[in-house]
Amino acid sequence: MKKVISLIVICAVFFSVFICFPAFGLSGSAIVSVQEDAPVIEIIGTDTVVKGDQFDIDLTLKYVPESLPEDIYAADIIIKYDADLFEFEGCNKVDDKTLTCNAEEIETGVIRIVLSCSEKIEPDESMVKLTFTAKDVEEPTSGSIQVESASLGTAPSGLVVHADGDTLIVNIRTRPRIPGDINDDGAINVGDLAIASYYYAAEEGDPNWDAAKIADVNNDGVVDLKDLAFIALEILK
């Protein structure tokens, strides 16, 4: 008696296997998704807050592999955060194309977010905004907010795709930073001027911006003479 496999279709990244056994009078199919190159959910937000401050983070679809056969319209995301340091306040839609946006704290420090959109979710655009409050701490410290797991839904077939997650480290300060005090030693001095000079001409979008932005004193997206002049004048006071 022969076992006949009627169809096997294999693709490099996503594949479906359909198996029939006519000799036994049985037929059926199994669909398996295999991803060597997964989409990425990135967390965009501030890396420093003052205790008691409220702050927002955005979950962004950072990368979508070209091999993904369909567009993404929905997401099911698990967020894990340091509950001893942060209080979750809620989630908010980012635009009118978001149809549903629901968040539930399924256990202490773990949030599940389910959202859907009327248009495809584009890479590098925010999917949802989450709001947290930094708790009152006695000493400066840092905590994490991370995408623990994520599933994305495509249309029109309804394929469910695993996505890799990101982690954001947020530093909690016990006092506001003095504008121009780049090295955070409690005073504005030549140490701050040296850092600003080192990062001179760096601008938002540059590969080193995450490090350089501490020298952008006026928060205009570039480290320029305005920032250096401000620090120099503060030193002379």
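What counts, and where the lines are drawn
The numbers attached to residues start from 1 for each chain and follow its sequence in the written order. Per-residue local features of the predicted model are confined to residues with pLDDT of at least 70, and side-chain atom pairs are confined, for both listing and counting, to 80 or more; whole-chain, interface and lining totals are unaffected and use all residues. Hydrogen atoms and water are omitted, and side-chain values are computed over all heavy atoms in the structure. Each residue carries a pLDDT score, the predictor's own confidence in it, on a scale running from 0 to 100. Contact criterion: two residues are considered in contact whenever any of their non-hydrogen atoms come within 4.5 Å of each other. What is meant by a nonpolar core is a set of buried Ala, Val, Leu, Ile, Met, Phe, Trp, Tyr and Cys residues, joined one to another through side-chain atoms within 4.5 Å. Relative accessibility decides the category of a residue: with a 1.4 Å probe and only protein chains considered, values under 20% of the type maximum give buried, values over 50% give exposed, and everything between is partly exposed. Centres within 6.5 Å are what make two rings of Phe, Tyr or Trp a pair, Trp counting through its six-membered ring; a difference in plane orientation under 30 degrees is then read as stacked, over 60 as edge-to-face, and the rest as tilted. Helix and strand definitions follow DSSP, with helices as H or I runs of at least four residues and strands as E runs of at least two, each counted in order from the N terminus. A carboxyl oxygen of Asp or Glu within 4 Å of a side-chain nitrogen of Lys or Arg is what we treat as a salt bridge.

> Got a sec to walk through the confidence of the model for the protein chain? Specific residues and values, please.
Low-confidence regions, as indicated by low pLDDT, have predicted coordinates that should not be scrutinised in detail. In this model, the protein chain carries a mean pLDDT of 85, and residues with pLDDT of at least 70 account for 85%. Note on residues 1–34: pLDDT under 50 across the span, and 52 contacts to partners over four residues away in sequence or across chains.

> Report on the nonpolar core, specifying residues and quantitative values.
Core analysis: the largest hydrophobic core is formed by 40 residues, its most contacted members being Leu59, Leu130, Phe132 and Ile145. Not counting chain neighbours up to four residues away, the residues in contact with phenylalanine 132 comprise Asp53, Gln54, Phe55, Ile57, Tyr81, Phe86, Glu87, Phe88, Glu89, Ile111 and Ile145. Residues Ile188, Tyr199, Ala212 and Val217 belong to the second largest nonpolar core, which totals twelve residues.

> Requested: an account of the packing of aromatic side chains, with residues and values cited.
Scanning the entire structure with this criterion turns up five aromatic pairs. Between tyrosine 198 and tyrosine 199, the ring centres sit 4.9 Å apart and the planes meet at 80°, which makes this aromatic pair edge-to-face. Among the residues examined, tyrosine 199 registers a relative accessible area of 17% and is labelled buried. Here a set of aromatic residues connected by ring pairs shows up, and it is made of Phe55, Tyr81, Phe86, Phe88 and Phe132.

> Talk me through unusual backbone geometry; I want residue IDs and the actual numbers.
With the exception of glycine, most residues fall at negative phi, and the peptide bonds are largely trans. Here alanine 155 and proline 156 are connected by a cis peptide whose omega angle stands at 15°. Relative to the assigned elements, proline 156 resides in the loop between strand S12 (141–155) and strand S13 (160–165). A positive phi angle, near 55°, is found at aspartate 184, a position not held by glycine. Along the chain, the position of aspartate 184 falls in the loop between strand S14 (167–173) and helix H1 (190–198). For aspartate 184, a relative accessible area of 31% corresponds to the partly exposed category. For asparagine 219, which is not glycine, the phi torsion reads 55° and is therefore positive.

> Give a detailed account of the pattern of salt bridges, specifying residues and quantitative values.
Charged atoms that come close allow side chains of opposite charge to pair. Applying the stated criterion across every chain yields a total of eleven salt bridges. The residue lysine 62 makes a salt bridge to glutamate 42 at a minimum N-O spacing of 4.0 Å. With lysine 62 in strand S6 (residues 54–63) and glutamate 42 in strand S4 (residues 40–45), this residue pair connects regions lying 20 residues apart in the sequence. With relative accessibility at 40%, the residue lysine 62 sits in the partly exposed group. With a closest N to O distance of 3.4 Å, lysine 62 and aspartate 124 form a salt bridge. Of this pair, lysine 62 sits in strand S6 while aspartate 124 sits in the loop between strand S10 (110–117) and strand S11 (126–134), and the two are 62 residues apart along the sequence. The class of aspartate 124 is exposed, set by a relative accessible area of 53%. Several salt bridges share partner residues, and in doing so they unite Glu42, Lys62 and Asp124 into one network.

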